[in-house]
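# Coordinates in review
If you want the building blocks of each chain, they are given just below.
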Amino acid sequence: MTQPLVVAVDGPAGAGKSTASRALARRLGFSHVDTGAMYRVVGVLARERAIVLDDDEALGLLVGGLSFAIGEGERLLADGRDLTDAIRRADAGELASRVAARPVVRTRLVPLQRALAAPAGVVMEGRDIGTVVFPDAPVKLYLTAAPGERARRRAVELRARGETIDEAALARDIAARDRRDSERAHSPLRPAADAVVLDTTTLTLETVVDEMERIARARLGASRP
Ligand code: DC
């Protein structure tokens, strides 16, 4: 089997994975997949259906038939419904982190993520891409940043969407989410042994993407575009 052309980008909330991964995908001519968005969809739909977030039977029924599609402008459609705005609200991250700790949810989403590996290459971001989804990915990056800086970046992003944000509360939420994502038994957040760890605390987005591109091109081979 030929090895899928995957750049795995993992790391905690607010490390700048999404913006940097999207920019990297554009530079490499790869597609971009944000797996966090899929967990967010499951979290938002579970709440909508009043499912208790550790009710594995109900979660199993919810994810069992769920299908995802990417619409115009990277809009995310779940069973044909556009949930792009709902999944970006601050509370959706918390819901996602809770359902993501349930093996029944991960067992369903991981094969869907593997199926999104495109022949032309994909930059896939999440928490377990380099460790579980694509353990043989030729390029693995782990983006992190100091907790205070990650909370500040998330606040800027959410304010830009029109939300009123209490930064101290946001910092607490992010710390709790980091803990849950890192300490869960199934596919915890951690860098793969062969990942390059990039601490972005003091770096500009441009520098981060330059560095990611340099590493990706070196690992993919100098002959790649
Ligand atoms: O990247 P994000 O903040 O949108 O992800 C939301 C939550 O989804 C995150 O707190 C943990 C979970 N997640 C996961 O467990 N595995 C992934 N590959 C991606 C996200």
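Positions within a chain are numbered from 1, following the residues in the order the chain's sequence is written. pLDDT decides what is reported in this predicted model: residues at 70 or higher carry local features, side-chain atom pairs at 80 or more are listed and counted, and totals for whole chains, interfaces and linings draw on all residues regardless. As a convention, hydrogens and water are excluded, and side-chain values are obtained from all of the structure's heavy atoms.

### What to know about the sheet that holds strand 2 (residues 31-34)
Here is the rule: One requirement defines pairing of two strands: DSSP has to find at least two bridges between them. Counting from the N terminus, the helices are the DSSP runs of H or I reaching at least four residues and the strands are the DSSP runs of E reaching at least two. Every axis in this analysis is a line fitted to C-alpha atoms, fitted for helices over the stretch in contact. Angles between the N-to-C directions lie between 0 and 180 degrees. Only heavy atoms enter the contact rule, under which two residues are in contact if any of them lie within 4.5 Å.
In spatial order, the strands read 2-6-1-7-8; together these 5 strands make up an open sheet with parallel pairing. Each end of this open sheet is capped by a strand with a single partner; those strands are strand 2 and strand 8 (196-199). Across the sheet, the axes of successive neighbouring strands diverge by a mean angle of 20°, strand direction being ignored. Where strand 1 (residues 6-10) lies against strand 6 (residues 122-126), 5 bridges are found, and the strand directions are parallel. Within the sheet, the bridge partner assigned to Asp-10 lies in strand 6 and is Gly-126. Of the strands in this sheet, strand 1, strand 2, strand 6 and strand 7 (139-144) touch helix 1 (residues 17-28), which is tilted by about 170° from strand 6. Lying over the sheet, helix 2 (residues 35-48) contacts strand 2 and strand 6, oriented at roughly 35° with respect to strand 2.

### A closer look at the site of the ligand
The condition that has to hold: The rule for a residue being near a molecule or strand is that one of its heavy atoms must lie within 4 Å of it. Each polar contact in these results corresponds to two N or O atoms within 3.5 Å; when the atoms are within protein, one needs to be able to donate a hydrogen and the other to accept it, and residues that are neighboring in sequence are counted only if both atoms are side-chain atoms. Method for areas: the Shrake-Rupley scheme with a 1.4 Å probe, in which residue coverage is limited to the protein chains shown. Note that Gly is not counted as nonpolar here; it falls among the polar residues with everything else outside the nonpolar set of Ala, Val, Leu, Ile, Met, Phe, Trp, Tyr, Cys and Pro and the charged set of Asp, Glu, Lys and Arg.
Taken together, 14 residues sit near the ligand, with Arg-40, Arg-106, Arg-177, Asp-181 and Arg-184 positioned nearest. One of the side-chain N or O atoms of Arg-127 is found 2.9 Å from an oxygen atom in the ligand. Considered on its own, the ligand offers 450 Å² of accessible surface; in the complex 98% of this is hidden by protein. Elements with a contribution of two residues or more to the shell around the ligand: helix 2, helix 4 (90-100) and helix 8 (167-183). Per element, the largest residue contribution to the shell around the ligand is 4 residues, and it comes from helix 2. Classifying every residue of the shell around the ligand by side-chain character gives 3 nonpolar, 4 polar and 7 charged.

### Focus: empty space enclosed by the protein
Rules: In this analysis a 1.4 Å probe is tested at points of a 1 Å grid over the protein atoms alone, and where it fits but cannot get out there is a cavity; an open set with protein on both sides within 12 Å along at least five of seven lines is a pocket; lining residues have an atom within 4 Å of a point. Grid points are joined across faces, edges and corners, and a volume is the space filled by probe spheres set on the points.
All told, the structure shown has 1 cavity of 30 Å³ or more when counted by the stated rule. Put simply, the largest cavity is a space of about 30 Å³. Taken together, Ala-8, Asp-10, Gly-130, Lys-140, Leu-141, Tyr-142, Pro-191, Ala-192 and Ala-195 form the lining of the largest cavity. Looking at the lining of the largest cavity, the elements with two or more residues in it are strand 1 and strand 7. No other element matches strand 7, which puts 3 residues into the lining of the largest cavity. A class-by-class count of the residues in the lining of the largest cavity yields 6 nonpolar, 1 polar and 2 charged.

### Examining the packing of helix 2 against helix 4
Where we set the bar: Orientation is classified from the angle alone, with under 35 degrees giving roughly parallel, over 145 giving roughly antiparallel, 65 to 115 giving roughly perpendicular, and any other angle giving oblique.
Viewed as axis vectors pointing N to C, helix 2 and helix 4 meet at an angle of 95°, and their least axial separation amounts to 7 Å. If you check the angle between helix 2 and helix 4, you find them roughly perpendicular. Residues Tyr-39, Arg-40, Val-42, Gly-43, Val-44 and Arg-47 of helix 2 touch helix 4, and the partners they reach there are Asp-91, Ala-92, Gly-93, Leu-95, Ala-96, Val-99 and Ala-100. Looking at the contact of helix 2 with helix 4, its residues break down into 8 nonpolar, 2 polar and 3 charged.

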